[in-house]
2 protein chains.
Amino acid sequence: MSKDHIVKTFDDDLSLLDNKIAEMGGLAELQLSNAIDALLRPNAEKAERVILNDQRIDALEKEIDSFTVQLLALRQPMADDLRIIIAALKIASVLERIGDYAKNVAKRTIALSQSNNVGSATSTIARMGNVVQSMIKNVLDAYVSRDVEQALDVWERDEEVDQLHTSLFRELLTYMLEEPRNITACTHLLFIAKNVERIGDHATSIAEQVHFMVRGDMPDLKRPKGDQSSFTVVEAEEGDSPDAGSTA
Amino acid sequence: MSKDHIVKTFDDDLSLLDNKIAEMGGLAELQLSNAIDALLRPNAEKAERVILNDQRIDALEKEIDSFTVQLLALRQPMADDLRIIIAALKIASVLERIGDYAKNVAKRTIALSQSNNVGSATSTIARMGNVVQSMIKNVLDAYVSRDVEQALDVWERDEEVDQLHTSLFRELLTYMLEEPRNITACTHLLFIAKNVERIGDHATSIAEQVHFMVRGDMPDLKRPKGDQSSFTVVEAEEGDSPDAGSTA
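Residues numbered from 1 in each chain as written. Chains lettered and ligands numbered in written order. Predicted model: local features only at pLDDT ≥ 70, side-chain atom pairs only at ≥ 80, totals over all residues. Heavy atoms only, no water.

Student: What should I look at first to understand the overall build of chain A in this one?
Tutor: Along chain A, the regular secondary structure elements total six helices and two strands. In chain A, the order of α-helices and β-strands from amino to carboxyl end is α-α-α-α-α-α-β-β. Looking at the 248 residues of chain A, the share that counts as buried comes to 58%. By sequence separation, contacts in chain A at least 24 residues apart represent 82% of the contacts at least 6 residues apart. Counting only carbon and sulfur atoms, one obtains 48% of the accessible surface of chain A, whose full area is about 10,100 Å². (Helix = DSSP H or I, 4+ residues; strand = E, 2+ residues; numbered from the N terminus. Buried < 20%, exposed > 50% of the residue type's maximum accessible area, 1.4 Å probe, protein only. Contact = heavy atoms within 4.5 Å. Areas by Shrake-Rupley, 256 points an atom, 1.4 Å probe, with all protein chains shown as cover.)

Below, the structure is given as structure tokens:
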């Protein structure tokens, strides 16, 4: 009877942990969505709110951290339960970083509100943002339902984000070559795009944690080399006309 | 006698964990140092080796992860010992990311070897790199010796890195405005500088883990707002002449 009671309470603890992760993930997803919306409109006030709201994500990470340490100390869990707690600890720290990236998008949106508008790049960022947002949503669903297949599906979708990012990187360099007035704006857009791309990477690392939690090991997958932007070179021609460059 | 034996072995385990963290940290520091050296010379082959060697850091993280999970399961540690293990788990994941940033510096060094040379920026990056490298070294010393004061000292030195980064960001935007041929090279240098700045941030989060490990809570410090690059705007004048801009 007493053992039953303890077991039941531990299950309650684990559900509570799931709920906290889901709450934190929902917030991270919302922060990204609001940051990108603030960029598209553009709306500096909304961006300011995103910056402020990051504190809530940070606070949730601290809460989850101390809750997991408490669970480890009081429950001394084994096997599956131990992995659930370790995964939650790691996922919370990944979600905190996703929140930081969303905050940085918002900061740069404020800088952009003082710069020239640069056409179509923001719509590509919005497309990347949509994919990444649904990756966060789906990987959290996969976490809550312990669904490895869904997690691996998220893992694979990161390639699309990487490809969008590589082509956007080239596009923004070309804009800068065409019109030096665009340089500051394009630089911030480059970093915004990179932030969104990094959020996609972080969604895949949550997917890996779901795999670890359910199967007991990390997935043995070869990551597709989607993001080539770090190797990308776009050359200026004589007279500074824009030119297609090479991607190593 | 048997209990003594168990206690002693657990201490051995914890020393082994410390050694693994120290080894991983030493590698991360070396990777950063080699990546920056490859940038300065420049030396694309050395950069290639940095990219390849990142696998060793990734492998060490996996090793530390499974070792900590094993320790939690077999030893069911409490209080201080539990915090040591949790901190090691978190520090390993931070070091893995430091390795990723060093790898990205190396990737962009390869792209830069195809671009124009841009004067003094690399020497500022080297200066940032020196500070950040000594931050990693000192914070790992603080970890091994459980020295909270030394950890907090590292935490504070991040402001210098942030300030160097903010001024380098403005400098690079100005180069781009002056000479569009520099745009691709400067863009990669902007991301390299950002990577080094992020490594500094990660050194501070290791410092926070040392505080947590020794004192049982996270340090209650207000982070100085050193890095203002996300808010920086540098305007092009009519005729594209470079001009000092504003930092919000």
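After that view of the structure, there is still more to cover.
Student: What is the right way to look at the packing of aromatic side chains in this model?
Tutor: Pairs of aromatic rings are described using the distance from one ring centre to the other and the angle between the two planes. Here the structure, examined in full by the defined rule, presents three aromatic pairs over all chains. On the basis of an interplanar angle of 50° and a centroid distance of 6.2 Å, the ring pair of Phe191(A) and Phe169(B) is categorised as tilted. Within this pair, whereas Phe191(A) is found in helix 6 (residues 183-215), its partner Phe169(B) is found in helix 5 (residues 148-178), the two belonging to separate chains. Judged by its relative accessible area of 4%, Phe191(A) is buried. Taking relative accessible area as the criterion, Phe169(B) reaches 2% and is therefore assigned buried. Both rings, one in Phe191(A) and one in Phe191(B), keep their centres 4.2 Å apart while their planes meet at 25°; by these two values the pair is stacked. Taken as a pair, Phe191(A) in helix 6 and Phe191(B) in helix 6 (residues 183-215) lie in two separate chains rather than in one. Across the pair, Phe191(B) and Phe191(A) agree in class, each one buried. A connected cluster of aromatic rings, assembled from ring pairs, spans Phe169(A), Phe191(A), Phe169(B) and Phe191(B). (Phe/Tyr/Trp six-rings, centres within 6.5 Å; stacked < 30°, edge-to-face > 60°.)

Student: Explanation requested: the interface of chain A and chain B in the structure shown.
Tutor: At the interface, 53 residues of chain A touch 53 residues of chain B. Taken together, the two surfaces of chain A and chain B that pack against each other cover about 4,600 Å², and 61% of this comes from carbon and sulfur. Taken together, the connections running from chain A to chain B amount to four salt bridges. Of the charged contacts, one joins Lys90(A) and Glu61(B) as a salt bridge, the two residues approaching to 3.6 Å between their closest N and O atoms. (Buried area = accessible area lost by both parts, 1.4 Å probe. Salt bridge = Lys/Arg side-chain N within 4 Å of Asp/Glu carboxyl O.)

Student: Help me out: how do you make sense of helix 5 of chain B in this one?
Tutor: For an α-helix the count is 3.6 residues per turn, leaving residues at separations of three or four pointing the same way. Across its 31 residues, helix 5 of chain B extends 46 Å between first and last C-alpha, which sits within 8% of the 45 Å expected from 1.5 Å per residue. Of the residues flanking the start of helix 5 of chain B, the one acting as N-cap is Asp147(B), its side-chain oxygen 3.1 Å from the backbone nitrogen of Glu149(B). (Expected span 1.5 Å × (residues − 1). Polar contact = N/O pair within 3.5 Å; in protein donor to acceptor, adjacent residues only side chain to side chain.)

Student: I'm lost on the environment of Leu221(B) in this one. Help?
Tutor: All names here are of chain B. By the element assignment, Leu221 lies in the loop between helix 6 and strand 1 (232-233). Given the relative accessible area of 40%, Leu221 is considered partly exposed. Discounting chain neighbours no more than four positions away, the residues touching Leu221 are Leu152 and Trp155.

Student: Can you walk me through the pattern of salt bridges in this structure?
Tutor: A side chain with one charge may pair with a side chain of the opposite charge, provided their charged atoms come close. All names here are of chain A. Tallied over the full model, the rule gives 32 salt bridges over all chains. The salt bridge involving Asp18 is made with Arg146; its shortest N-O contact spans 3.1 Å. Of the two residues, Asp18 sits in helix 1 (residues 2-40) while Arg146 sits in the loop between helix 4 (121-144) and helix 5 (148-178), which places them 128 residues apart along the sequence. Using a relative accessible area of 26% as the deciding quantity, one classes Arg146 as partly exposed. Note that Arg157 is salt-bridged to Asp153, the shortest N-O span being 3.7 Å. With Arg157 and Asp153 both in helix 5 and four residues apart, this pair spans about one turn of that helix. On the basis of relative accessibility, which here comes to 37%, the residue Asp153 falls in the partly exposed class. A single network of salt bridges, built from pairs that share partners, joins Asp37, Arg41 and Lys46.

Student: Any chance you could explain the environment of Asp58(B) here in plain terms?
Tutor: Residues and elements named next belong to chain B. Position of Asp58 relative to the elements: it lies in helix 2 (residues 44-75). By relative accessible area, which is 26% here, Asp58 ends up partly exposed. Each C-alpha atom, one on Asp58 and one on Leu95, is 9.2 Å from the other, the two residues being 37 residues apart in sequence.

Student: So what exactly am I meant to see when it comes to unusual backbone geometry here?
Tutor: Glycine aside, negative phi is the norm for most residues, and most peptide bonds take the trans geometry. Following Arg41(A), the chain continues into Pro42(A) via a peptide bond in cis, with omega recorded as -15°. Within the element layout of this structure, Pro42(A) appears in the loop between helix 1 and helix 2 (44-75).

Student: Please clarify how the relation of the copies chain A and chain B should be interpreted in this entry.
Tutor: Taken together, a rotation about one axis and a shift along it account for how the two chain copies relate. Laying chain A over chain B is done by rotating through 180° and shifting 0.0 Å along the axis; what remains is an RMSD of 0.0 Å. Taken together, the rotation and translation relating the two chain copies correspond to the operation of a two-fold axis. Using C-alpha coordinates, one finds that chain A approaches the rotation axis most closely at Gln76(A), a distance of 2.8 Å. Comparing interface residues between copies, 100% of those in chain A also lie at the interface in chain B; the contact surface is shared. (Least-squares fit on C-alpha atoms with pLDDT ≥ 70 in both.)

Student: Explanation requested: the packing of helix 4 (residues 121-145) of chain B against helix 5 of chain B in the structure shown.
Tutor: Pairs of packed helices are described in terms of their axes, by the angle between the two and the distance that separates them. Residues and elements named next belong to chain B. In contact at an axis separation of 10 Å, helix 4 and helix 5 are set at 165° when each is read in the N-to-C sense. With respect to their mutual orientation, helix 4 and helix 5 come out roughly antiparallel. Helix 4 and helix 5 meet at a crossing whose hand is left-handed. Looking at the contact of helix 4 with helix 5 residue by residue, the classes come out as 15 nonpolar, six polar and six charged. (Axes fitted to C-alpha atoms, helices over the stretch in contact; angles between N-to-C directions. Parallel < 35°, antiparallel > 145°, perpendicular 65-115°, else oblique. Left-handed = near helix turned anticlockwise from the far one by under 90°. Nonpolar A, V, L, I, M, F, W, Y, C, P; charged D, E, K, R; others polar.)

Student: When you look at helix 2 of chain A in this model, what are you seeing that I'm missing?
Tutor: Residues and elements named next belong to chain A. Between its terminal C-alpha atoms helix 2 stretches 47 Å, which fits the 46 Å expected from 32 residues at 1.5 Å a residue. Two to three positions downstream of the cap, the backbone nitrogen of Glu45 sits 3.1 Å from a side-chain oxygen, assigning the N-cap of helix 2 to Asn43. At the C-terminal side of helix 2, Gln76 shows a positive phi close to 45°.

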